[in-house]
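Observations on the three-dimensional arrangement
Listed here are the chains, written in short residue letters.
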Amino acid sequence: MLKHFIRHPFRCRLKPFFLGIDWQVDDLRLVLLGYDNLADKACKKNHDLVLGQWHLSLSVLLGSDGTPVHPLWQDFIAQLALLVGAAPVYINLGIPNRLCTWLHCPKAPTTKRKNPLTLALFHQRTAATALNIEPVNLRVCHLELSANLNFLVVTKRRYDEQITKLFTHLHNGIKGNVQACAQPQGLTQVLINRPNVDDANAMAWYMAHKLMSGTPKATSC
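Right, let's walk through the structure included here. (Residues numbered from 1 in each chain as written. Predicted model: local features only at pLDDT ≥ 70, side-chain atom pairs only at ≥ 80, totals over all residues. Heavy atoms only, no water.)

**Section: the packing of helix H2 (residues 71-84) against helix H4 (residues 159-173)**
- Between H2 and H4, whose axes approach to 9 Å, the crossing angle comes to 50 degrees. For the element pair H2 / H4, the angle class is oblique. When the axes of H2 and H4 are compared, the crossing they make is right-handed. Contacts between H2 and H4 involve Trp73, Phe76, Ile77, Leu80 and Ala81 from the first element and Leu166, His169, Leu170 and Gly173 from the second. (Axes fitted to C-alpha atoms, helices over the stretch in contact; angles between N-to-C directions. Helix = DSSP H or I, 4+ residues; strand = E, 2+ residues; numbered from the N terminus. Parallel < 35°, antiparallel > 145°, perpendicular 65-115°, else oblique. Left-handed = near helix turned anticlockwise from the far one by under 90°. Contact = heavy atoms within 4.5 Å.)

Written out as structure tokens, the structure reads:
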């Protein structure tokens, strides 16, 4: 069932919106954040405003060929499009920890640091060797938490198709520029005390707020 909470949209938005997704494969929770001071140019501080919250079932909403045929999906896209208009939308999808394997990342040979593609292949092969799985079946994200603390966060490649379909349908339903990324949710449990955010949507809010604050910047992986 589609569950949502909507604030009435402001008119003539120029600033971007941020959509956080708590992706549990079939179960999706989404939170849309915007700025609460769009009409106040003198205000230098930007605070997030929760504009929408949704709870969706991906398998129900997408057909076997990935076509959004279900009315609930169409209703969600219509609500989202109404809220964001032609403004840019940044999407941050959080991959749950239960679907991730965390590996300590060995230091790459100096020669591999110069080429991002070569470095990515090095990480892919390192993770595949550690898990005894073919590299093509893995999706590897490199996280540098500090100068001496690097991790490879590994998920199964088969999830990429579902994530890509979700991003594609969001992109097709939004008029403005859309930029999307997927990253691990992290090792910290999210607890927030916000009366306008459902407890079950805390992680989705966190993913949107993380991208909105830009610390750290969300990167595709």
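Let's pick the thread back up.
**Structural notes on the nonpolar core**
- In terms of nonpolar packing, the biggest core is built from 37 residues, with Leu19, Ile21 and Trp23 touching the most fellow members.
- Contributions of two or more residues to this core are made by strand E2 (17-24), strand E3 (27-35), strand E4 (48-57), helix H1 (58-61), H2, strand E5 (89-95), H4 and strand E9 (178-184).
- Looking at this core element by element, the count peaks at six residues for H2.
- Once residues within four sequence positions are removed from consideration, isoleucine 21 is found in contact with Leu28, Arg29, Leu30, Ile91, Asn92, Leu93, Gly94, Leu166, Leu170, Ala204 and Met207.
- The next biggest cluster of nonpolar side chains, apart from the first, holds 11 residues, and it includes Phe18, Val31, Trp205 and Met212. (Core = buried A, V, L, I, M, F, W, Y, C linked by side-chain atoms within 4.5 Å. Buried < 20%, exposed > 50% of the residue type's maximum accessible area, 1.4 Å probe, protein only.)

**Points about the sheet that holds strand E6 (residues 101-104)**
- The strand order across the open sheet formed by three strands is E6-E8-E7, and the pairing between neighbours is antiparallel. Both edges of this open sheet fall to E6 and strand E7 (138-146), since each of them pairs with a single strand only. Direction aside, neighbouring strands of the sheet carry axes that sit 25 degrees apart on average.
- Bridge analysis of E6 against strand E8 (residues 149-156) gives four bridges, and the strand direction is antiparallel. From the neighbouring strand, tryptophan 102 faces E8, where its bridge partner is valine 153. (Pairing = 2+ DSSP bridges.)

**A short note on the pairing of E2**
- With seven of eight residues buried, E2 is to be regarded as a mostly interior element.
- Direction of pairing for E2 relative to E5: parallel, over a ladder of six bridges. Within the sheet, the bridge partner assigned to isoleucine 21 lies in E5 and is leucine 93.
- Sheet analysis places E2 next to E3, joined by seven bridges and oriented antiparallel.

**Section: helix H3 (residues 116-131)**
- Helix length check: H3, at 16 residues, gives a terminal C-alpha distance of 23 Å against a target of 22 Å (1.5 Å per residue), a fit within 8%.
- Residues of H3 that are buried in the fold lie against E6, E7 and E8.
- Following H3 by one or two positions, asparagine 132 adopts a phi angle in the positive range, close to 55 degrees. (Expected span 1.5 Å × (residues − 1).)

**Let's talk about the pairing of E8**
- Of all eight residues making up E8, six are buried, and the element is well covered by its neighbours.
- Sheet topology places E7 next to E8; eight bridges connect them, and they run antiparallel. Residue pairing for E8: histidine 142 is matched across the bridge by leucine 152.

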